[in-house]
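# Examination of the molecular architecture
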Amino acid sequence: MTQDIFVLIEHLRGQVLDISYVMLAAARGFAQDGQVTAVLFGHDAKGLANSLAADRVLYVDHPALKEFTSEAYSLTLASLVNKHHPRAVLMGHTSIGMDVAGALSAKLSLPLVSSCRTLSADGKFVSQICGGKIMAEGDLPSPTALVTMIPGGYKTEQGQSANAPAIESFTPPALDNLRVVLKQIIEPEAGDVDISKSPFLIAVGRGIQNKDNLDLPNELAAATSGTVCASRPVVDQGWLPTTRLVGKSGKRVKPKIYLALGISGAPEHVEGMGESDVIIAVNTDPNAPIFNVAKYGTTIDLLELLPLLTEKAKQATPS
Ligand SMILES: Cc1cc2nc3c(=O)[nH]c(=O)nc-3n(C[C@H](O)[C@H](O)[C@H](O)COP(=O)(O)OP(=O)(O)OC[C@H]3O[C@@H](n4cnc5c(N)ncnc54)[C@H](O)[C@@H]3O)c2cc1C
C-alpha cells in the first residue's frame, strides 16, 4: 500500500468539472507522505491535465473512455487501484462518482465513505448525511478507502494550478466487449432562459409554500434583472419548468449572487450552486444546512422579506 491519494477527474465534453478541483484541494490537505494523483480517463484528452493541481497524473487513453460510461470507468479504475494500492480514492458525490464508487466498492471489497465535505491531515473525514442535516465525523478506513465528495468544503481555485503536472500513461484493461456504450448525448430542449448565464439568481425552495407565492420572487426579479430558479420540490410540483432546476439533476450554476429562499441546502442542491460567489440564505430554521455554505443568512420568513426587498430594489433603481 502507498500513501498516495487518487482523485478521479470528472470531465464532460472537453471541460474538467469543478468537483474535480474540489477533490484535488481535499486530497492536498489529506495527503501526508503520499502524492496527490489525478486519475484522468479520456481519448486524446491529455490537455485536460494542464490545470490540475496534482503531483502527477495517471492518464489512460482509450476510445471507450472518451466520455463517461460506468463499466469502462469502473474496470479501468479497478485495475489502477489493484496495481497502485492508494491510501484513498476520491470520487465526486455526483452521478458519475456515485456510479463508479458503488461498483468499485463491490468489485474490490473496499469500504466506501460517501458524501464527504472535508478530509484532514490526521485521517479524519466529515460527511454530510441525511439531506445535509447531520455532520458525521470519523477515521477514514484503512488500508484503502473509497470516498465520494460533495462541494462546499474547498474552493475550486485551490485545486487548480498554472503549472502542468507530470503525466504517466497507463494501459487500460481490455475494454472491447463492454455491455454499456455511449451512443449519443441528447441536450435538453432550449426555449426558456439559461439560468447558468445569470449573475443574480433568486432561488426558491419548498419554503415558498404554493404557486401563487411565486409572484413575490418574480417581482423581485423584475426589479433587479435577476432570474428565478428553484430546488427540486418546486419543479416537481410543476410550479416552474425543469430548465429552472438547480442541482444534481438540474443545472450547475455559479452566479455572482445566489439568493436561496426557503431552501434547506440538501447535498443534491448544493452540488449545483455551491460554487456561487456569494450565497445568501433566507430560512426560518437556524439549523438548516444551507447556512453552512452561505456567506450571509437570515431566519426571517421569506414571505415577509420579499415584498420589502422588492420595494428597496425599486427605490434603489433610477427611473
Ligand atoms: C438522486 C437525487 C437527485 C436530486 N437532485 C436534486 C436537484 O437537482 N436539485 C434539488 O434541489 N434537489 C435534488 N434532490 C432533492 C434533494 O435531496 C432535496 O430533497 C431538495 O433539494 C429539498 O428541496 P428544498 O430545500 O426546497 O426543500 P426542503 O428540504 O423541504 O426545505 C425547505 C426549507 O424551507 C424553509 N422554510 C419553510 N418555510 C419558510 C419560510 N416561510 N421562510 C423561510 N424559510 C422557510 C424550511 O426551514 C426548510 O429548510 C435530489 C434527490 C435525489 C435523491
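Residues numbered from 1 in each chain as written. Predicted model: local features only at pLDDT ≥ 70, side-chain atom pairs only at ≥ 80, totals over all residues. Heavy atoms only, no water.

You can see histidine 62 is positioned in the loop between β5 (56-61) and α2 (70-84). By relative accessible area, which is 18% here, histidine 62 ends up buried. Reaching out from histidine 62, the side chain makes a polar contact with the backbone nitrogen of alanine 64 at a distance of 2.9 Å. In this structure, histidine 62 is in contact with Gly42, His43, Pro172 and Leu175, ignoring residues within four places of it in sequence. (Helix = DSSP H or I, 4+ residues; strand = E, 2+ residues; numbered from the N terminus. Buried < 20%, exposed > 50% of the residue type's maximum accessible area, 1.4 Å probe, protein only. Polar contact = N/O pair within 3.5 Å; in protein donor to acceptor, adjacent residues only side chain to side chain. Contact = heavy atoms within 4.5 Å.)

What surrounds the ligand is a group of 25 residues, the closest being Arg206, Ser231, Ser249, Ser264 and Asn283. Contact between the ligand and serine 231: an oxygen atom at 2.5 Å from a side-chain N or O atom of the residue. Asparagine 283 places a polar side-chain atom, nitrogen or oxygen, 2.7 Å from an oxygen atom of the ligand. In isolation the ligand offers 990 Å² of accessible surface; the protein chains occlude 75% of this area. When contributions to the shell around the ligand are tallied by element, the ones reaching two or more residues are α5 (232-236) and α6 (267-273). When its residues are assigned to classes, the shell around the ligand shows seven nonpolar, twelve polar and six charged. (Near = heavy atom within 4 Å. Areas by Shrake-Rupley, 256 points an atom, 1.4 Å probe, with all protein chains shown as cover. Nonpolar A, V, L, I, M, F, W, Y, C, P; charged D, E, K, R; others polar.)

Let us now look at the packing of aromatic side chains. Tallied over the full model, the rule gives two aromatic pairs. When the centroid spacing of 5.0 Å and the interplanar angle of 80° are considered together, the rings of phenylalanine 68 and tyrosine 73 count as edge-to-face. As far as burial versus exposure is concerned, phenylalanine 68 and tyrosine 73 are alike and both buried. Three or more aromatic residues joined by ring pairs make a cluster, and in this case those are Phe41, Phe68 and Tyr73. (Phe/Tyr/Trp six-rings, centres within 6.5 Å; stacked < 30°, edge-to-face > 60°.)

In a regular helix each residue adds 1.5 Å, so 15 residues correspond to 21 Å; α2 covers 21 Å between its end C-alpha atoms and thus fits that length. For α2, every residue scored as buried is listed here: Glu71, Ala72, Tyr73, Ser74, Thr76, Leu77, Ala78, Leu80, Val81 and His84. With its phi angle positive at about 45°, histidine 85 sits one or two positions after the end of α2. (Expected span 1.5 Å × (residues − 1).)

Quick look at unusual backbone geometry now. In this structure, the amide linkage connecting serine 142 to the following residue, proline 143, adopts the cis form with an omega of -5°. Along the chain, proline 143 turns up in the loop between β9 (134-139) and β10 (145-149). Look at arginine 13: it is not a glycine, yet its phi comes out positive at around 45°. Tracing the sequence through the fold places arginine 13 in the loop between β2 (11-12) and β3 (15-16). Here serine 115, not a glycine, exhibits a phi torsion of approximately 60°, which is positive. Examined against the element boundaries, serine 115 turns out to sit in strand β7 (residues 112-119). Serine 115 gets classed as buried once you look at its relative accessible area, which sits at 5%.

Next up on the list: helix α1 (residues 18-30). Taking 1.5 Å of rise per residue, 13 residues should cover 18 Å, and α1 covers 19 Å from first to last C-alpha, within 8% of that figure. Of all 13 residues in α1, ten are buried, a share of seventy percent or more. Along α1, the positions that sit buried rather than exposed are Ile19, Ser20, Tyr21, Val22, Met23, Leu24, Ala25, Ala26, Ala27 and Phe30. Residues of α1 that are buried make contact with β1 (5-8), β3, β4 (36-42), β6 (88-92), β7 and β10.

Take the sheet that holds β10 next. With mixed pairing, nine strands are arranged side by side in an open sheet as β9-β8-β7-β10-β6-β1-β4-β5-β11. Only two strands of the sheet have a single neighbouring strand rather than two, namely β9 and β11 (166-169). Pairs of neighbouring strands in the sheet enclose a mean axial angle of 35°, with direction left out of account. Relative to the sheet, α2 contacts β1, β4, β5 and β6, its axis offset from that of β4 by approximately 150°. Taken strand by strand, helix α3 (residues 95-108) contacts β1, β6, β7 and β10, and its axis lies near 145° from that of β6. (Pairing = 2+ DSSP bridges. Axes fitted to C-alpha atoms, helices over the stretch in contact; angles between N-to-C directions.)

To continue, consider the nonpolar core. The biggest cluster of nonpolar side chains holds 36 residues, and the ones touching the most others in it are Ile9, Leu24, Leu52, Leu90, Leu119, Leu140 and Met149. Take this core: its biggest share by element is nine residues, from α1. Counting 26 residues, the second-largest nonpolar core is a separate cluster that includes Phe6, Ala72, Ile96 and Leu110. (Core = buried A, V, L, I, M, F, W, Y, C linked by side-chain atoms within 4.5 Å.)

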